[in-house]
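So you can see what is in the structure, the chains are spelled out below.
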Amino acid sequence: MVYLDNSATTFPKPDKVYEKMDTLYREAGASPGRGGYNLERKASLIVERARASLADFLGSSRPENVVFTMNATDALNMAFQGVLKEGDEVITTVLEHNSVSRPLNVLAKKKKIKITRLEPENGKIKVEDIKKALSRKTKMVAITHASNVTGWIEPIFEIGRMIRDHSNAYFLVDAAQTAGLLPIKVEEMAIDLLAFTGHKALYGPSGIGGLFVSERVFIEPFRAGGSGRDSENEFYPEKLPEKLEAGTQNLLGIIGLEAGLDFIRQTGMENIRRKEEELKQSLLEELRRHDKIKLYGDSDSSEGLAIICFNIENLSPEESASILDSEFDIAVRAGLHCAPYLHKLLRTFPQGAVRVSPGFFNTQDEIKALIEAVRIILKKI
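Read on for a plain summary of the structure. Since the model is a prediction, treat every value here as computed from it, not as a measurement.

Rules behind the numbers
Residues numbered from 1 in each chain as written. Predicted model: local features only at pLDDT ≥ 70, side-chain atom pairs only at ≥ 80, totals over all residues. Heavy atoms only, no water. Helix = DSSP H or I, 4+ residues; strand = E, 2+ residues; numbered from the N terminus. Buried < 20%, exposed > 50% of the residue type's maximum accessible area, 1.4 Å probe, protein only. Contact = heavy atoms within 4.5 Å. Areas by Shrake-Rupley, 256 points an atom, 1.4 Å probe, with all protein chains shown as cover. Lys, Arg positive; Asp, Glu negative; His and termini not counted. Charge placed at Lys NZ, Arg CZ, Asp CG, Glu CD. Expected span 1.5 Å × (residues − 1). Pairing = 2+ DSSP bridges. Right-handed = clockwise from strand over helix to strand, strands pointing away. Phe/Tyr/Trp six-rings, centres within 6.5 Å; stacked < 30°, edge-to-face > 60°.

## Side note on the overall build of the protein chain
A tally of helices and strands in the protein chain yields 11 helices and 13 strands. Across the 381 residues of the protein chain, 56% fall into the buried class. Here the analysis covers contacts within the protein chain between residues at least 6 apart in sequence; of these, 69% occur between residues at least 24 apart. Total accessible area on the protein chain stands at roughly 16700 Å², and carbon and sulfur atoms take up 48% of it. Here the protein chain holds 51 positive side-chain charges and 54 negative ones, and the gap between their average locations is 3 Å.

Okay, structure coming up:
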């Protein structure tokens with residue numbers, strides 16, 4: 001199989017991820033923070049070591065402000081529901097994944113928050129547009145670091161510094177697509193809340209993610225339950241990370257995520273992105289040759305992530321993806337990619353598009369296999 005859906009989940013994972021996860025449950029599969037015996041202390045050390053590694057990776061000097069979650073969606077819900085109150089205003093964009101859009105829509109219905117959605121210009125949200133949209137009631141600016149549909153990368157540093165200089169609003173960044181691929185320094189970028197997931201460019205397993213919460217943010221717990229500490233408290237611990245980490249932690253996911261971080265550090269983030277860009281350009285060079293292929297979102301830009309969206313004339317995205325899967329054993333993603341507002345902007349709503357997202361473990365031969373498959377499909381139609 002040729003797997004080209006790495007924007008959804010990177011596959012395969014580095015060998016070290018498999019090895020660490022397998023070893024964990026054979027040697028240290030206890031509950032972190034529950035017990036005090038040797039095996040529990042070993043499990044707790046794994047969690048805190050991974051937390052410190054993530055904090056350093058994200059440019060934070062406060063490991064306790066990195067909270068483990070199930071995934072980026074969990075982290076985003078934790079942020080929105082823990083921070084936003086009735087009547088608050090939120091500035092966001094049409095670029096967002098439904099993990100941002102839907103929780104905000106729910107809160108607009110339940111808590112009557114006001115949502116302002118900005119559109120990009122040439123793929124980028126203008127800092128000046130955000131500045132104009134800010135008001136005294138703006139509680140949060142929530143923006144994706146990079147689009148999962150087009151690969152457009154947003155000017156996070158400039159946006160963060162402007163918000164910090166001109167308002168009291170919190171700056172939330174959805175880094176589901178970029179954590180592991182682009183440098184992120186939460187303190188330098190004035191990021192107050194950063195959501196990330198382990199199963200994409202961090203090369204970890206599914207079921208693990210995180211939320212960075214700056215010391216500026218007052219956040220109420222998304223859920224309550226056992227923490228293993230401060231058990232006499234009738235409600236929940238007041239300090240991070242325990243305040244937001246109710247329940248037994250995903251120790252297996254955490255050690256897999258730490259192994260993914262080790263792989264990125266050893267390989268070099270710039271080397272990973274360079275290889276993905278080379279694969280992307282090889283595919284684009286061929287796709288541009290065919291007038292029956294429509295590319296979307298300036299996919300030929302070298303400034304974005306390695307994501308290509310297109311449609312083949314006279315075929316729906318689902319038909320194209322199904323043919324690639326059933327006849328050529330090539331896995332790509334078709335549809336709206338959980339980003340309906342952006343597809344409306346691209347004029348591909350409601351059918352969406354075919355998305356190809358090569359990863360570090362793909363090869364030029366696999367890209368050639370896709371190119372040949374597209375040539376055959378075009379010849380048939």
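## Some words on helix α7 (residues 251–267)
Here α7 contains 17 residues, and its C-alpha end-to-end distance of 24 Å stays within 8% of the 24 Å for a straight helix at 1.5 Å per residue. For α7, a buried count of 14 out of 17 residues is recorded, marking the element as mostly surrounded by other parts of the structure. The positive-phi residue at the C-terminal boundary of α7 is Gly268, with phi of around 100 degrees.

## Re the pairing of strand β4 (residues 114–118)
Sheet topology note: the strand β3 (residues 89–93)/β4 ladder contains five bridges and is parallel. When the sheet's bridge partners are listed, Glu89 is paired in β4 with Lys114. Between the parallel pair β3 and β4, the chain is carried across by helix α4 (residues 98–110), and the sense of this crossover is right-handed.

## Describing the packing of aromatic side chains
What the rule picks out here adds up to six aromatic pairs. Considering the side-chain rings of Tyr3 and Phe11, the 5.5 Å spacing of their centres and the 70 degrees angle between planes classify their relative orientation as edge-to-face. Tyr3 gets classed as buried once you look at its relative accessible area, which sits at 15%. Judged by its relative accessible area of 43%, Phe11 falls in the partly exposed class. On the basis of an interplanar angle of 25 degrees and a centroid distance of 5.6 Å, the ring pair of Phe263 and Phe361 is categorised as stacked. Of the two residues, Phe263 is situated in helix α7 and Phe361 in the loop between β13 (353–356) and α11 (364–380); the sequence distance between them amounts to 98 residues. A relative accessible area of 32% means that Phe361 is categorised as partly exposed.

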